[in-house]
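# Residue-level structural notes
If you want the building blocks of each chain, they are given just below.
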Amino acid sequence: MDLFPFQSTAATQVAERFGDYAVNPLTIDRTRSIPFFQMLVSITGSGKTVILADAVTQMQARLPLQPVVLWLSKGRVVVWQTYANLAHGKYAANIPGFNVKPLLELSPSHIEDGDTPLMLVATVGKFARQDDQGNDRRIFQTQLDLADESLWTTLKRRRLPSGQRRPLLVIYDEGQNLSDLQTGRLLELDPDALISASATPSVPQSLERVIGRLREDRNWKDEDFRTAVASRDVVDSGLVKQRINVGGYVTPMETAVDALLADLAMATDAAAQADDPFRPKAIYVCTTNTVDGLPIAEDAARSFEERAARPILIWRHLVASGIDPAEIAVYSQLTFGKDTPPPPTFNLFGGADRDYDRFIRGDFKHIIFNLALQEGWDDPFCGFAYIDKEMASTRQITQVIGRVLRQPNAQHYADPILNTAHFYIRSDEKGVFEDIIEDIQSQLSSEHPSIELTIRPENRRAERYREMPSRQRLVPTTSIYSGPARDPIGRIVSGMMDFRSGGENTVGAGSRMQVLQEIGIKGSSTFEWVDVKHSNRVTVRGIFRRELQRLFPGGLRRAGGPVNLVDIELPKFDALVEINSLAATHVRQIAGEVVSAYIEHSRLLQNDDDPPYAVGPVPVNPADAVTFSNALHPAYSGLNGLELDIARSLDRTQRVWCRNPEGSGYFIPLLDSGSTATFWPDFLVWVDRTVVAIDTKGDHLLSEDSRRKLFDIDGTGDRARIVLRLISEGQWNVAPSGQIGKHGPDGYTIWRWASGRLHASKCEDARTAVEAALTV
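As the structure is a prediction and not an experimental result, all values here were calculated from the model.

## A look at the confidence of the model for the chain
Looking at the chain, pLDDT values average 84 and 85% of them are 70 or higher. Every residue in residues 131-138 scores below 50 in pLDDT, and together they form 11 contacts with partners more than four places removed in sequence or on other chains. Of the regions scoring below 50 in pLDDT, residues 140-148 engages in 21 contacts with residues more than four places distant in sequence or in other chains.

## Comments concerning the nonpolar core
Membership of the largest hydrophobic core comes to 103 residues, with the highest contact counts inside it found for Leu70, Trp71, Met119, Ile283, Phe359 and Phe423. Per-element tally for this core: the top contributor is helix H1 (residues 5-22), with 8 residues. Leave out the neighbours within four places in its chain, and Trp71 touches Thr49, Leu52, Ala53, Val56, Thr82, Leu86, Met119, Leu120, Val121, Ala122, Ile171 and Asp173. Core analysis: the second largest hydrophobic core is formed by 82 residues, Leu604, Tyr636, Cys763 and Ala766 among them.

## Considerations on the sheet that holds strand E17 (residues 477-481)
Across the sheet, 3 strands lie side by side as E17-E22-E32; this open sheet has mixed pairing. Either end of the sheet is taken by a strand with one partner, and the two such strands are E17 and strand E32 (714-715).

## What to know about the packing of H1 against helix H2 (residues 48-61)
Contact geometry of H1 with H2 gives a least axis separation of 8 Å together with a crossing angle of 40°. Between H1 and H2, the interaxial angle falls into the category oblique. Two packed elements cross with a definite hand, and for H1 against H2 that hand is right-handed. Taking contact as the criterion, the partners of Gln7, Ser8, Ala10, Ala11, Thr12, Val14, Ala15 and Phe18 in H1 are, on H2, Val50, Ile51, Asp54, Ala55, Gln58 and Met59. Of the residues belonging to the contact of H1 with H2, the class tally is 9 nonpolar, 4 polar and 1 charged.

## Describing the pattern of salt bridges
Enumeration over the complete set of coordinates arrives at 26 salt bridges. Residue Asp54 is joined to Arg546 by a salt bridge in which the shortest nitrogen-to-oxygen separation is 2.9 Å. You can see Asp54 sitting in helix H2 and its partner Arg546 sitting in helix H16 (residues 540-551), a full 492 residues away along the chain. Of the residues examined, Asp54 reaches a relative accessible area of 5% and is grouped as buried. Residue class for Arg546 comes out partly exposed when judged on its relative accessible area of 27%. Lys281 is paired through a salt bridge with Asp363; the nearest N and O atoms lie 2.6 Å apart. On the criterion of sequence distance, the pair formed by Lys281 in strand E9 (residues 281-285) and Asp363 in the loop between helix H12 (356-362) and strand E11 (366-369) is long-range, its members being 82 residues apart. Assessed through its relative accessible area of 4%, Lys281 is described here as buried. Owing to a relative accessible area of 41%, Asp363 belongs among the partly exposed residues under this scheme.

Definitions and limits used
Residues numbered from 1 in each chain as written. Predicted model: local features only at pLDDT ≥ 70, side-chain atom pairs only at ≥ 80, totals over all residues. Heavy atoms only, no water. pLDDT = per-residue confidence, 0-100. Contact = heavy atoms within 4.5 Å. Core = buried A, V, L, I, M, F, W, Y, C linked by side-chain atoms within 4.5 Å. Buried < 20%, exposed > 50% of the residue type's maximum accessible area, 1.4 Å probe, protein only. Helix = DSSP H or I, 4+ residues; strand = E, 2+ residues; numbered from the N terminus. Pairing = 2+ DSSP bridges. Axes fitted to C-alpha atoms, helices over the stretch in contact; angles between N-to-C directions. Parallel < 35°, antiparallel > 145°, perpendicular 65-115°, else oblique. Left-handed = near helix turned anticlockwise from the far one by under 90°. Nonpolar A, V, L, I, M, F, W, Y, C, P; charged D, E, K, R; others polar. Salt bridge = Lys/Arg side-chain N within 4 Å of Asp/Glu carboxyl O.

Now the structure itself:
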């Protein structure tokens, strides 16, 4: 799986910090060292698993021996999903060469195979018990058919036939669940690294000694223990939704569910029109058997039509509202009397984890559950959640948010209803809802600061938070035409050296690392630290692809980028080299030349052969919405001062125009090596057969000469063309040398590209600035 730039950056930071520490780790005594410790802090939906997988691969390349990786999660569902994805699923390509196995299938032969990196996947419950002899904790039991020692001892020794101890990397992808007991067990294994990942990290008391030593002896600060992913990067990537919309209902359950169903119907229609159509899903969170004013046993003895348990009430209302029972799942341990079973159309999954696979195969569109489905169920098509009154606490609601936050197909859509997580919270008192909202706002501001939160009054539907266009308007799509770059890139790749025969250039000249080695025979053996000069080898292909991604990130929005013009399957890319070798340096230099050639010889092209972009609905927050007369939409919100001045001036021209929403509207791919893959203009204006794209915060686009191609877009047909104008506050000019400078704060400057160079025009006010920008 290709990583987003922020994912690759985070993985590299973890690996580089580990590599620096592993050269000279702190020690406890003669045979034990202080493990490297790192917390990956990243919001739900950011792809923590693929970040960790990539970090492990990069750490492997920095080690002198092939590592053993112990990958842990809390729940069985999460573990088996992780195992399937790492062993043969979507993440398998991110850990090339690893032998991935469930922990309980470990045998001594796997440890003794020092040529193969080993990854063992397990739940923390496999070992985190005070009683080592627990009947269901097989890790402490002898496997007589495999060896004469327990799995735990095998993991702790991890000896090669040569006596050397293999490095152990411990990964815990739900770090907020790491307990003192679990941490103590893990530290007994003498790991070389302990890495936890969570949106809300916490540090167990058992790690205080580790952290204290790193602070005291290495002067580590708080930031040295954390690799943090900015939530804005996650939102911009399209992995999670852009906003959360919360509505409170002091009403019967039916009123809140009816509002959800009405909004879900709108989202279903919008999703059917998308390039990648899908069916949005909804969840309903409630208690299982609790009934107001009635014992559970008495309710269970009633007929199904008389039952008052909340899952049944919700199910009956959904069916009465026209939902097909085949699309409804009830994932909870509902109690039924022997003589009062549910109807055959009632899809009950009461076996918890045992029923999970059967539940997933059903692909249900409406799921009723009681938080037991929290761990592991992450369906990006789920965008709607009803939360019943007993479950309406801040903690439980924020837990549910993670289940609704992921974005379908990892992309934002033109219709904002598909980029929003919708919540319908039922409570008994208005004051209770207001307290909950205050707590949620505080929680979201710390955990999800880049996701917009709007609060919806009870009588306001989700449709009030989006504005539909009054008429159809189209914009030509723009793409990168890289055909002329193919031959130059081919010549560069042909000049890359072939290192398959090995040689001194494939060997790194970096620092020595030490590994613990057992000397002697069992019963009289001793342990010594021995130098190992070289690190594990990796493929030239991996080094080349990683460098291309670093230099030209965001290829998904930019037609894949230069990697598409390289025959990456050439045999010389199979060569194995050390990452700090001269060979690796040469490969990175070639990758840099490939990116430079791609940028130099490619150009932006208005592609008239592809369907044009059609302006869709825009999100609007009624709290700060401003109305306009001539815009495609009745109102826009979230405008800053400069944007509002330009918007009002555009409206006075009586031209058809619109605000262009960032992340889901019209974009132009950028042809440079910066971290920003795309450009989202603020406004689109239709002037006869021309569409003028206006950006009001364009100073950053003028700082790099390579961005000049953004201004010069060629066309392939006779359709309407698109031109770009930037409006900056203040007085700017362009020197004959091309250097730009600001000479005063007053007025505005209009930027355009003409006759092969950048031009700046000064204007006194917003009205004249807009008139100048629309002169084509």
